[in-house]
Amino acid sequence: MTNNITLVEVGPRDGLQNEKTQVPTNIKIQLIEKLIDAGHKVIEIGGFVSPKWVPQLADTPAIVDHFTQKHSQSDLRFPVLVPNLKGFQDALNHKAKEIAIFGAASESFSLKNINASINESFERFKDIMIEAKKNNIKVRGYISCVMGCPYEGDIPLSKVVDVSQRMFDLGCHEISLGDTIGVGTPNKVKDLLKALKQNIPVSKIGVHFHDTYGQALANILISLEQDIRIIDTSVSGLGGCPYAKGATGNVASEDVLYMLNGMGFETKIDLPKLIEASQFISNFLKRPPNSKVSLAFLAKHGIL
Ligand code: HMG
Ligand code: MG
């Protein structure tokens, strides 16, 4: 099993979609540049979703234009969320090369988040996938509420496995398992991964933990033990979900990187530079980073 880990940086999308104030486009662009400079190779930079539903992402076209032009020849990946064909067409018009579709293992969450039942959402995903294949666009697939739902509570493991399998069978190049409200604990994560690995190659499975209950690092550790090598993280622990009350940030990229470095995993990401990016956005938001590693680093250097 490889020691190489892909960190998927979701702060600019999952993080900033949840800020009460609109973060200006030029600040988002500077943040993403700093994340690239730190060594991130996969950064989710926005979503072609309805600005009425998520106004914070309304500037996605400008951000995608900037990065697809500037880095058109590089191997960097900039996935963007797409919920339907309209979003797909926008992504195509702005030359995105990778999109992420997002479904849920919970009917209630699916309705609240994308105004569609699970079955309806898969009808939309199928249409998107046909167009994506025609246009040579890679598709990442999210499944929310894999550890529990803000509206329904526990979701049976069989349901999560079923939806994940449908997402994979659709043709997604990787599946990201979202613990949207951060309620999962390690044994539950292990059970899910063991079940999924029976039919989906482990190299195609990623984990996406929000840290609401402080379980994210423990859940990542057990995922690593289950041979997961794709981990979604958010700089400075930014984040939440507008359709999941109480959902806090995703696990902080700095905290995950520190753990991975200590365990001898390889990411090619530079921790001090990542902390710089974290500081940049925290300073803009006028609050301390939501990352223990960043806080420790700043205290050690007399910055806090
Ligand atoms: P709807 O209201 O049912 O859409 O929303 P509609 O098809 O009935 O259209 C209504 C209006 O929206 C029309 O405009 C459409 O043109 C427009 P009008 O005629 O009224 O002026 N519209 C769009 N505009 C821009 N982009 C589009 C688009 N589609 C329609 N793509 C819809 C359905 C899916 C659009 C809406 O529910 C939506 O945008 N939802 C997105 C919600 C969202 O972004 N949630 C956060 C991301 S998910 C997440 O955070 C979880 C994750 O991190 C994993 C985890 O942690 O679990 C991924
Ligand atoms: Mg999320």
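The structure under discussion appears in the preceding block.
Not measured: the values here are computed from a predicted model.

Undergrad: What is the right way to look at the pattern of salt bridges in this model?
TA: Pairs can form between side chains of opposite charge whenever their charged atoms are close. If you walk through the whole model with that rule in mind, you get 14 salt bridges. Salt-bridge contacts for Glu174 lead to Arg77; the nearest nitrogen and oxygen are separated by 3.7 Å. Highlighted residues: Glu174 in strand S7 (residues 174-179) and Arg77 in the loop between helix H3 (60-70) and strand S4 (80-81), separated in sequence by 97 residues. Among the residues examined, Glu174 registers a relative accessible area of 6% and is labelled buried.

Undergrad: What's the story with the coordination of the magnesium ion (ligand 2) in this structure? I'm lost.
TA: Under perfect tetrahedral coordination by four donors, a metal shows angles of 109.5 degrees; under perfect octahedral coordination by six donors, it shows angles of 90 or 180 degrees. The protein atoms that coordinate the magnesium ion (ligand 2) are Asp14 (OD), His208 (NE2) and His210 (NE2), at distances spanning 2.1 to 2.3 Å. The sequence motif formed by the donor residues of the magnesium ion (ligand 2) is D-x193-H-x1-H. Residue Asp14 is located in helix H1 (residues 11-15), and its partner His208 is located in strand S8 (residues 205-209); the two are separated by 194 residues in the primary sequence.

Undergrad: It is not clear to me how unusual backbone geometry should be interpreted in this structure. Could you clarify?
TA: What you tend to see is this: most non-glycine residues have negative phi, and most peptide bonds are trans. The phi dihedral of Asn115 falls on the positive side, at around 55°, and the residue is not glycine. Note that Asn115 resides in the loop between helix H5 (107-114) and helix H6 (118-134). Since its relative accessible area comes to 49%, Asn115 is described here as partly exposed.

Undergrad: I tried to follow the sheet that holds strand S2 (residues 42-43) on my own but got confused; where do I start?
TA: Backbone-to-backbone hydrogen bonds pair the strands of a sheet. The strands run either parallel or antiparallel. Taken in spatial order, the 9 strands of this open sheet run S2-S1-S9-S8-S7-S6-S5-S4-S3, and their pairing is parallel. The strands lining the two open edges of the sheet, one partner per strand, are S2 and strand S3 (46-47). Across the sheet, helix H7 (residues 157-169) is in contact with strand S5 (98-104), strand S6 (138-144) and S7; its angle to S6 comes to roughly 170°.

Undergrad: Quick question: what am I supposed to make of the site of ligand 1 here?
TA: Of all residues adjacent to ligand 1, which total 27 residues, the nearest are Asn84, Asn113, Asn115, Ser144 and Thr180. Gly87 is positioned with one of its backbone polar atoms (N or O) 3.4 Å from a nitrogen atom of ligand 1. Within the side chain of Ser144, one N or O atom sits 2.6 Å away from an oxygen atom of ligand 1. Protein contacts shield 74% of the accessible area of ligand 1, which totals 1,100 Å² for the unbound molecule.

Undergrad: Looking at this model, I keep getting lost on the side chain of His40. Mind explaining?
TA: Tracing the chain through its elements places His40 in the loop between helix H2 (25-38) and S2. On the basis of relative accessible area, His40 is assigned to the buried category, the value being 1%. At 3.3 Å, the side chain of His40 forms a polar contact with the side chain of Glu9. Residues in contact with His40, not counting those within four places in the same chain, are Leu7, Glu9, Leu35, Leu76, Ser253, Ile269 and Leu274.

Undergrad: Just checking my understanding: could you explain helix H8 (residues 186-197) for this structure?
TA: Each α-helix turn comprises 3.6 residues. Residues three or four places apart therefore point the same way. The terminal C-alpha atoms of H8, which comprises 12 residues, lie 16 Å apart, in line with the 16 Å expected from a rise of 1.5 Å per residue. Within the span of H8, buried status applies to Val189, Leu192, Leu193 and Leu196. Taken end-on, H8 shows its buried residues confined to a sector of 95°, consistent with a single buried face. Those residues of H8 that are buried are in contact with H7, S7, S8 and helix H9 (216-225).

Undergrad: Sorry if this is basic, but what is going on with helix H11 (residues 271-285) here?
TA: If you check H11, its first and last C-alpha atoms are 21 Å apart, about what 15 residues at 1.5 Å a residue would give, namely 21 Å. Inspection of H11 places Leu271, Leu274, Ile275, Ala277, Ser278, Phe280, Ile281, Ser282 and Leu285 among the buried residues, and these make up the whole buried set. Buried residues along H11 sit in contact with H2, helix H10 (253-262) and helix H12 (292-300). Between the side-chain oxygen of the N-cap and the backbone nitrogen of Lys273 there are 2.9 Å, and the N-cap of H11 in question is Asp270.

Undergrad: It is not clear to me how the packing of H10 against H11 should be interpreted in this structure. Could you clarify?
TA: In helix packing, the relevant descriptors are the interaxial angle and the interaxial distance, both defined with respect to the helix axes. The geometry of H10 relative to H11 is characterised by a closest axis approach of 10 Å and an angle of 170° between their N-to-C directions. It follows that H10 is roughly antiparallel to H11 by the angle criterion. Across the interface between the two elements, Ser253, Glu254, Leu257, Tyr258 and Asn261 of H10 pack against Leu271, Leu274, Ile275 and Ser278 of H11. Within the contact of H10 with H11, the residues separate by chemical class into 5 nonpolar, 3 polar and 1 charged.

Undergrad: I tried to follow the packing of aromatic side chains on my own but got confused; where do I start?
TA: Each aromatic ring pair is described using two quantities: the centre-to-centre distance and the angle formed by the ring planes. Summed over the entire model, instances satisfying the criterion amount to 3 aromatic pairs. With a centroid separation of 6.5 Å and an interplanar angle of 35°, the aromatic rings of Phe109 and Tyr151 are classed as tilted. On the criterion of sequence distance, the pair formed by Phe109 in helix H5 and Tyr151 in the loop between S6 and H7 is long-range, its members being 42 residues apart. Overall, the relative accessible area of 1% leaves Phe109 in the buried class. A relative accessible area of 37% places Tyr151 in the partly exposed class. Relative to Phe125, the ring of Phe122 lies with its centre 5.3 Å away and its plane at 75°, an arrangement referred to as edge-to-face. One end of the pair, Phe122, and the other, Phe125, are both in helix H6, 3 residues apart, so they sit about a helical turn from each other. Both residues of the pair, Phe122 and Phe125, belong to the buried class. Residue placement shows Lys112 over the ring face of Tyr151; its charged tip is 5.2 Å from the ring centre. Of note, Arg140 hangs over the ring of Tyr142, and the distance from its end group to the ring centre comes to 5.3 Å.

Conventions we followed
Residues numbered from 1 in each chain as written. Chains lettered and ligands numbered in written order. Predicted model: local features only at pLDDT ≥ 70, side-chain atom pairs only at ≥ 80, totals over all residues. Heavy atoms only, no water. Salt bridge = Lys/Arg side-chain N within 4 Å of Asp/Glu carboxyl O. Helix = DSSP H or I, 4+ residues; strand = E, 2+ residues; numbered from the N terminus. Buried < 20%, exposed > 50% of the residue type's maximum accessible area, 1.4 Å probe, protein only. Donors = N, O, S within 2.8 Å, 3.2 Å for Na, K, Ca; no water. Pairing = 2+ DSSP bridges. Contact = heavy atoms within 4.5 Å. Axes fitted to C-alpha atoms, helices over the stretch in contact; angles between N-to-C directions. Near = heavy atom within 4 Å. Polar contact = N/O pair within 3.5 Å; in protein donor to acceptor, adjacent residues only side chain to side chain. Areas by Shrake-Rupley, 256 points an atom, 1.4 Å probe, with all protein chains shown as cover. Expected span 1.5 Å × (residues − 1). Arc of directions from axis to C-beta. Parallel < 35°, antiparallel > 145°, perpendicular 65-115°, else oblique. Nonpolar A, V, L, I, M, F, W, Y, C, P; charged D, E, K, R; others polar. Phe/Tyr/Trp six-rings, centres within 6.5 Å; stacked < 30°, edge-to-face > 60°. Lys NZ or Arg CZ within 6 Å of the ring centre and 35° of its normal.

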